Amino acid sequence: MAREMLGIDIGGSGIKGAPVDLSDGSFTRDRFRIATPHPARPKPVAKVLARIVEHFGWDGPVGVTYPGVVIDGVAMSAANVSRRWLGVDAASLLADVTGREITLLNDADAAGVAELRFGAGRDRRGTVVLLTLGTGIGSALFTDGVLVPNTEFGHLQIDGKDAEVRASAKARTEDNLGWSTWAKRLSAYLAHLEALISPSLIIVGGGVSRKSEHFLPRITGVRAEIVPAQLVNNAGIVGAAMAAAAAHPAQTAEPAPYAVRAAGATGGPQRERGTAEAARRNAR
Ligand code: BGC
């Protein structure tokens, strides 16, 4: 039984993919990266995905991250990407262009899924939140290891502004902030988030988490434990691969702990359940 799955992470500067060993989250081949086309519209991005699939000679399903809300494969928000994605059935489009079944999920959700299985959130129960601090702020919320998909805690309002405008890694560099000043903004944001969801663990991800010693010790006013992510830039790829595996349990024997949709997929527990429910409704 295949224990590998291809994961692809669509980011603002690069689109990266690698086949992932599902037993330990490692890459079975070197990561392959292509610069994100600008503007990052659906069609050009889909063509890059096709090149990555071709590079690995991959003929199975593929897991893909998208930096916005994804419901049933449809892109429902586009904060840091081309607005052309809005309302597009992105999973189907990517499936058409690559010729592969595509499971699409939010990038932070993918990173969270990977960190909870293989990284900083391994075996952690209760309310856990992962935040990716990058161009924007992405969030993934878990309760006893189960993902609540599509949370958008990066868009909470702090002092009348989107949190990601104040506290993302981009805000730190663009506003020329020292670590202490940025840590103050981050503290205010984390304290606000804590007041709303009372997590027991906050995992801080994104590239800047590699420099966590500069800002995590300076966070104040937060009760929850705060730790840096462990998989950092690979988390999206690993989580995407895990989501595709969960959508194709027959091929990988992977459990499906959260709702995912594969465009063109035949079966998968989520889909079967949906079909059974619809049949019951129709029978009433
Ligand atoms: C988007 C999120 C995304 C995050 C990181 C935010 O602007 O709204 O959906 O996860 O950026 O890419």
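See above for the structure.
Residues numbered from 1 in each chain as written. Predicted model: local features only at pLDDT ≥ 70, side-chain atom pairs only at ≥ 80, totals over all residues.

1. Description of the sheet that holds strand 14 (residues 225–228)
Line of reasoning, step 1. Across the sheet, five strands lie side by side as 10-9-8-13-14; this open sheet has mixed pairing. Two strands in the sheet have a free side with no partner beyond their single neighbour: strand 10 (146–148) and strand 14. Pairs of neighbouring strands in the sheet enclose a mean axial angle of 25 degrees, with direction left out of account.
Line of reasoning, step 2. The pairing of strand 9 (residues 137–143) with strand 10 spans three bridges and is antiparallel. Considered in strand 10, the bridge of Phe-142 is made with Leu-147. (Pairing = 2+ DSSP bridges. Helix = DSSP H or I, 4+ residues; strand = E, 2+ residues; numbered from the N terminus. Axes fitted to C-alpha atoms, helices over the stretch in contact; angles between N-to-C directions.)

2. Here's the deal with the site of the ligand
Line of reasoning, step 1. Near the ligand there are 16 residues, and of these Pro-67, Ala-79, Ala-108, Gly-136 and Gly-138 occur at the shortest range.
Line of reasoning, step 2. In terms of residue class, the shell around the ligand is made up of four nonpolar, nine polar and three charged.
Line of reasoning, step 3. Looking at which domains feed residues into the shell around the ligand, each of domain 1 (4–109 + 234–283) and domain 2 (122–230) supplies at least three. (Near = placed C-beta within 6 Å. Nonpolar A, V, L, I, M, F, W, Y, C, P; charged D, E, K, R; others polar. Domains from an automatic or database assignment.)

3. Some details on helix 2 (residues 90–98)
Line of reasoning, step 1. Along helix 2, the residues classified as buried are Ala-90, Ala-91, Leu-93, Leu-94, Ala-95 and Thr-98.
Line of reasoning, step 2. Gly-99 lies just past helix 2 and shows a positive phi near 75 degrees. (Buried ≥ 20, exposed ≤ 12 C-beta atoms within 10 Å, placed from the backbone.)

4. Observations regarding the nonpolar core
Line of reasoning, step 1. Ile-8, Val-64 and Ala-241 are the most contacted members of the largest nonpolar core, which has 77 residues in total.
Line of reasoning, step 2. In terms of domain composition, this core takes at least three residues from each of domain 1 (4–109 + 234–283) and domain 2 (122–230).
Line of reasoning, step 3. For Ala-241, the residues in contact, after removing those within four places along its chain, are Met-5, Leu-6, Gly-7, Val-20, Leu-22 and Gly-63. (Core = buried A, V, L, I, M, F, W, Y, C linked by C-beta atoms within 7 Å. Contact = placed C-beta atoms within 7 Å.)

5. So, the packing of helix 3 (residues 107–118) against helix 7 (residues 235–247)
Angle between the axes and distance between the axes are the two parameters that describe a pair of packed helices.
Line of reasoning, step 1. One way to put it is that helix 3 packs onto helix 7 with a least axis distance of 7 Å and a crossing angle of 85 degrees. Classed by the angle they form, the pair helix 3 and helix 7 counts as roughly perpendicular. Each of Asp-107, Ala-110, Ala-111, Gly-112, Val-113, Ala-114, Glu-115, Arg-117 and Phe-118 in helix 3 lies in contact with helix 7, whose residues at this interface are Ala-235, Gly-236, Val-238, Gly-239, Ala-240, Met-242 and Ala-243. (Parallel < 35°, antiparallel > 145°, perpendicular 65-115°, else oblique.)

6. What about the packing of helix 1 (residues 42–55) against helix 2?
Line of reasoning, step 1. It is at 9 Å that the axes of helix 1 and helix 2 come closest, and there the two elements cross at 50 degrees. In terms of orientation, helix 1 and helix 2 fall into the oblique class. Remark: the crossing between helix 1 and helix 2 carries right-handed chirality. Here Pro-42, Ala-46, Lys-47, Leu-49, Ala-50 and Val-53 of helix 1 lie close against helix 2, whose contacting residues are Ala-90, Leu-93, Leu-94, Val-97 and Thr-98.
Line of reasoning, step 2. Classifying every residue of the contact of helix 1 with helix 2 by side-chain character gives nine nonpolar, one polar and one charged. (Left-handed = near helix turned anticlockwise from the far one by under 90°.)

These values are about where atoms sit, not about what they do.
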